[in-house]
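# A closer look at the structure
One-letter residues, chain by chain:
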Amino acid sequence: MTNPNWRQVSNPRWSPLTAISNFFNIFNHAATLDQDRSNHFIYRENINAAYINFSQEYASFDFQVGIRMEHTHTHGNQQTTGESFTRDYAQLFPTLFLIKN
């Protein structure tokens, strides 16, 4: 049996996005914006994550167990219609590895 190994890591991430979808009607070689099908959407996402892992060798096996926690905050704004939404949630992601040597 060897000494156990611990590892802690955090991983913040921020993802802004702006999407503009313009549709045009062409008539007599002139383009006019189609307001009914065009769209302007702004989306912001912030993900903060941290995890901890524990690994150990025992007899003819290596195992690793860990857990990752993510907190996500998102905000979307539909510029064309004035609609918006916000989501704020946390999730846990457990892991388990078992390897026979």
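As a reminder, the structure under discussion sits directly above these lines.
Residues numbered from 1 in each chain as written. Predicted model: local features only at pLDDT ≥ 70, side-chain atom pairs only at ≥ 80, totals over all residues. Heavy atoms only, no water.

Looking now at the side chain of E70. Relative to the elements of secondary structure, E70 occurs in strand 6 (residues 61-78). Given a relative accessible area of 17%, E70 falls into the buried group. Separated by 2.9 Å, the side chains of E70 and R68 make a polar contact. For E70, the residues in contact, after removing those within four places along its chain, are I47, N48, A49, Y89, A90, Q91 and F93. (Helix = DSSP H or I, 4+ residues; strand = E, 2+ residues; numbered from the N terminus. Buried < 20%, exposed > 50% of the residue type's maximum accessible area, 1.4 Å probe, protein only. Polar contact = N/O pair within 3.5 Å; in protein donor to acceptor, adjacent residues only side chain to side chain. Contact = heavy atoms within 4.5 Å.)

Right, let's talk about the pattern of salt bridges for a bit. One pass over the full model with this rule turns up 2 salt bridges. Across the pair E70 and R68 runs a salt bridge, and its minimum N-O distance is 2.9 Å. Residue R68 is classed as partly exposed on the basis of its relative accessible area of 24%. (Salt bridge = Lys/Arg side-chain N within 4 Å of Asp/Glu carboxyl O.)

Of note in this structure, H29 is not a glycine but carries a positive phi near 65 degrees. Tracing the chain through its elements places H29 in the loop between strand 3 (24-27) and strand 4 (30-33). Of the residues examined, H29 reaches a relative accessible area of 83% and is grouped as exposed.

Here we come to the environment of T72. Inspection of the secondary structure assignment puts T72 in strand 6. The exposure class of T72 is buried, given its relative accessible area of 3%. Taking the C-alpha atoms as reference, T72 lies 8.6 Å from A49; in sequence the two are 23 residues apart.

Structural measurements only, silent on function.
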